[in-house]
Every structure is written in structure tokens, then in C-alpha cells.
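# Topology and contacts: notes
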Amino acid sequence: MTDDRPAWARRIAAERKARDWSQRDAVRALRAHASTELPAEDSMIRQWKRWESGQAPNDFYQPIIAAVFGTVTHALFPAPSRRDGEKEILAASGMETLEIVSRLNRSDVDGATLDALRITTDRLCSEYPFMPSGQLIIEGRQWLRRVVELHTKSLTLAQHREVLALSGWLALLVGCVEYDMGDRHAAESTRRAALSLATEADHPEVAGWAHEMRAWFALTTGDYRGVISAAQAGAETAPNHSVAVQLAGQEAKAWARLGDRRQVEVALDKGRRLLEGMPHPENLDNHFVVDPAKFDFYSMDCYRLVGEDRLARTLAEEVLRAGTDFDGTERSPMRNAEARVTLGVAAAREGDLDQALIHGERALQGDRQSVPSLIMTSRELAAVMRQRYSTEPTAQEYLNHLQDLGREKPGFLPS
């Protein structure tokens, strides 16, 4: 039989079971997270049964249910997202790319041209999750050069700051793709350029993301104290922007790798509270927007590291569901790859080598990869393989594949 319940209904049932809770236990947890008195317990249990069967909770209960499971409202009950591109640029600005480039060659710049550049930048940042790295970096660098050249034009003070900010966003994007491709030194130079542009433009959000990139670089190279330092610096720079949520997530990942479970929970709770208090983003696809589903992704990584395999598996399955279209097209292949590593780790720890290998090899496939992040997480699966299956030929084949991937990107060779 097929389960035709909404995804959120299936998830709250799975989350409850992953914690070994009865429905009565779930209601008691709900009551503990509520700021006002709830109806009697038997009445709430009946209500919980209705929710798990697919009857949607109202706006009052949705954030409480999310808090019970350590996530945010729109991760459990998502609003529809949009996927932009050339059509949206044309619809919003009335210009195609050729006309935008033509306007950039004029001696002065008008508001319509800047609007079109703003939309183009948003479109490029929205293509980060799925566009092949080689294609995206070429297009990103082309637009960065075009925008930087605007500094030679006649600009008002407001236009100058806008151009600096757009240059900063494009530099952040290019730096992320450079790092995904394994070019660590180029990525760091580009990140520093973005931070300099943010400082000149007095743009805390761009500066916050430059600090987040430093935290990410430190995480994937094993400098966990450096992650915490960068995360705290970024949070001080941009405390009211969604990047502060991602910084909390990076900090939680670092604490997980340092083995401090209490600090993991503190950082995750900080990020959850920040995100819950922010307006729902208009464009969930933009890489520099923290969408609610990203929070599940952070939590998945942390729970895998602290050995909470059932919770990690439940979140990994949710990451895969949210990152895949109904026709099987992967909207978020990089997140999906790390979710598959998580499923592989859980399977390996449970003694299911075949499933662990299936998930581990599938994670290494695909055109869109963040090589340092993928190797970092795959290293954990490799450690379990060495510990438990060192004499198995199929396990050794996986380890060799991972070593080959590391050799292709010097500096990211797994230990």
C-alpha cells in the first residue's frame, strides 16, 4: 500500500518513532514546549493522531511541533518555492542578457540596469545548488568582471554602494564554486575580496557570508576551533541576517567533531530560534538564503557525528525528500550526497555493509559536487569501513574510490 499522507505527517510520525516515543510521550513534549496551556492530555492525543494521519495543524500548533523535534516551522510545513532563470529576468526587468550587457557599455548606469543586474545575481546564486561547477564558475566570473567594470562609470553614491554589494555577492558565489572544485587558494583570495567589498559598501550581510565561508573552509580542513572563531565573528557582524543561522549550524558541526554534545545542542538551538523568528524567504533556491530545510541538513550532520543514528537517518531521508523533485530530478545534489553518506554510516554501524556501500558509492556520483565537503563526510564512512569491514573486498573498493577522488583534488586527500 502507498502512503498518501502529506510529507509533514509522515515525518512527524518518523521523528516520534526515532525517539522511541509513544503518541502520549509526544503530547507531553508538545506541552513542555508550549508557552500557553493546552487542552487535556486525552484530547491532545486524539489531536496528535489526526495530525499523523494527515490533518494539518493550525498556525498555533505548527511552530510548537517544530520545536518538539528541534527544527523550524517551515522545515516541517514548507511554503512553495520558486525556480528563477532567464524568463524571470526578462519578466522583472524587461531585458534579456544581451540588452543588459549592452547597457553596461554605456557611460552612465540607470536604475533599470541595476535592477536587471540584481535579478541576474540572484539567478546565478539560485543556480549554485545544481548547475555544474565548470559552467557556473565561467558565468559567475564573467558577470563579476562586468559588474566590477561599472566602477569606472559615472555613478551616484547610492549606485556605487549597490555596485559594491553586487560585486560582493558575485565574489562570494565564485569563491564557493572555486572551493567546491578544490581550488582552495583561489577561493580564499576571492573570499577576502568579497569581505573587502562588503567593508567598503558597509554591507553586513555580505561580510557575514564571507565569515561563513571562512568557517566552512576551516571545517573541511579540520580546524574546528577556527570554525567556532569564524562563526562567532560572523554572528557579531550580521546578527540580524539569516547567515547568522548558518553560522550557528557551522559552529554546531565543529562542536560535534570536537565531541562536545552539550555545545552542539546549544548551537543548534541558537540557530533554530534565530530562524524561527525570521520572515520566510522569498527565494529558497538562493545559496545565500538559509531556507528552513537547510536546518535539517545541519542537524543531520551533527546527529550522525554524535552517534544518534536513528535521528540522523530520519533527517537524511527528509533531506533527500526535500532535495528531489517528483520526477526524480535532484534540486540539491550536494545536500543529497551528504544525506546518502549519513545513510551509509548508519547502515555500516548496524552491520549492513551492502546498504552502506550502495549509499556511499551513490554519494560519490553526480556532476555537481562540493569535493571538500563530500570527502569530509565520506571520511567518516571510511573510518567505519576500516574499523568493521577491513577484510571485505567490496569495502576496500569503496576506500580506493575515495582515495582516488582525494588525489584528483590535492589538499583534500582523506586520511
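So, how was this worked out
- Residues numbered from 1 in each chain as written.
- Predicted model: local features only at pLDDT ≥ 70, side-chain atom pairs only at ≥ 80, totals over all residues.
- Heavy atoms only, no water.
- Helix = DSSP H or I, 4+ residues; strand = E, 2+ residues; numbered from the N terminus.
- Buried < 20%, exposed > 50% of the residue type's maximum accessible area, 1.4 Å probe, protein only.
- Polar contact = N/O pair within 3.5 Å; in protein donor to acceptor, adjacent residues only side chain to side chain.
- Contact = heavy atoms within 4.5 Å.
- Phe/Tyr/Trp six-rings, centres within 6.5 Å; stacked < 30°, edge-to-face > 60°.
- Lys NZ or Arg CZ within 6 Å of the ring centre and 35° of its normal.
- Core = buried A, V, L, I, M, F, W, Y, C linked by side-chain atoms within 4.5 Å.
- Axes fitted to C-alpha atoms, helices over the stretch in contact; angles between N-to-C directions.
- Parallel < 35°, antiparallel > 145°, perpendicular 65-115°, else oblique.
- Left-handed = near helix turned anticlockwise from the far one by under 90°.
- Nonpolar A, V, L, I, M, F, W, Y, C, P; charged D, E, K, R; others polar.
- 1 Å grid on protein atoms, 1.4 Å probe; cavity = no way out; pocket = protein on both sides within 12 Å on 5 of 7 lines; lining within 4 Å.
- Points joined across faces, edges and corners; volume = space filled by probe spheres on them.
- Disulfide = S-S within 2.5 Å.
- Expected span 1.5 Å × (residues − 1).

Bringing the environment of Tyr179 into the picture now. Relative to the helices and strands, Tyr179 is located in helix H10 (residues 157-180). Classification of Tyr179 by relative accessible area gives buried; the value is 0%. Reaching out from Tyr179, the side chain makes a polar contact with the backbone oxygen of Phe217 at a distance of 3.4 Å.

You can see Gln369 is positioned in the loop between helix H19 (353-363) and helix H20 (371-389). A polar contact is formed between the side chain of Gln369 and the backbone oxygen of Leu364, at a distance of 2.7 Å. With residues up to four places along the chain from it excluded, the contact list for Gln369 reads Ser133, Asp180, Met334, Ala363, Leu364, Leu374 and Leu405.

Before going further, it helps to spend a moment on the packing of aromatic side chains. Tallied over the full model, the rule gives 12 aromatic pairs. Relative to Trp216, the ring of Tyr179 lies with its centre 5.0 Å away and its plane at 70°, an arrangement referred to as edge-to-face. Here Tyr179 is found in helix H10, whereas its partner Trp216 is found in helix H12 (residues 204-220), with 37 residues between them in sequence. Residue Trp216 is classed as buried on the basis of its relative accessible area, which comes to 9%. Members of the aromatic cluster, each reached through a chain of ring pairs, are Trp21, Trp48, Trp51, Phe60, Tyr61 and Phe69. The ring of Trp21 has Arg19 sitting right over it, with the charged end atom 5.7 Å from the ring centre. Taking the ring centre of Trp143 as reference, the NZ or CZ of Arg146 above it sits at 4.5 Å.

Below, the discussion takes up the nonpolar core. Tyr128, Leu172, Leu173 and Phe288 are the most contacted members of the largest nonpolar core, which has 77 residues in total. The element best represented in this core is H10, accounting for 12 residues. Residues within four places of Phe288 in sequence aside, it is in contact with Cys125, Trp169, Leu172, Leu173, Cys176, Glu205, Trp209 and Ser242. The next biggest cluster of nonpolar side chains, apart from the first, holds 23 residues, and it includes Ala347, Leu364, Ile375 and Tyr389.

Contact geometry of helix H8 (residues 111-127) with helix H9 (residues 133-149) gives a least axis separation of 11 Å together with a crossing angle of 155°. The angle between the axes of H8 and H9 places the two elements in the roughly antiparallel class. The element H8 and its partner H9 pack so that their crossing is left-handed. On H9, the residues that touch Leu117, Thr120, Arg123, Leu124 and Glu127 of H8 are Leu136, Glu139, Trp143 and Val147. Each residue belonging to the contact of H8 with H9 can be placed in one class, and the counts come to five nonpolar, one polar and three charged.

You will see that Asp20, though not glycine, has its phi angle at about 60°, which is positive. Its location among the elements puts Asp20 in the loop between helix H1 (7-18) and helix H2 (23-33). A residue is classified by how much of its surface remains accessible, and Asp20, at 58% relative accessible area, is exposed. Within the chain, Asp202 stands out as a residue other than glycine whose phi angle is a positive 55°. You can see Asp202 is positioned in the loop between helix H11 (184-201) and H12.

Reported here for the largest pocket is a volume of approximately 890 Å³. As for the largest pocket, its lining consists of 46 residues, and the residues nearest its centre are Asp291, Ala293, Lys294, Ser332 and Arg335. In terms of residue count, helix H16 (residues 292-305) provides more of the lining of the largest pocket than any other element does, six residues in total. Classifying every residue of the lining of the largest pocket by side-chain character gives 19 nonpolar, 14 polar and 13 charged.

A full pass over the atoms with the stated rule returns zero disulfides. The cysteine Cys176 is free of any disulfide, with Cys125 supplying the nearest cysteine sulfur at 8.7 Å.

For the rest of this paragraph, the subject is helix H17 (residues 309-322). Its 14 residues give H17 an end-to-end C-alpha distance of 20 Å, which sits within 8% of 20 Å, the value for a rise of 1.5 Å per residue. Among the residues of H17, those classed as buried are Asp309, Leu311, Ala312, Thr314, Leu315, Ala316, Glu318, Val319 and Leu320. As for H17, its buried residues are in contact with H1, helix H5 (73-76), H16 and helix H18 (333-349).

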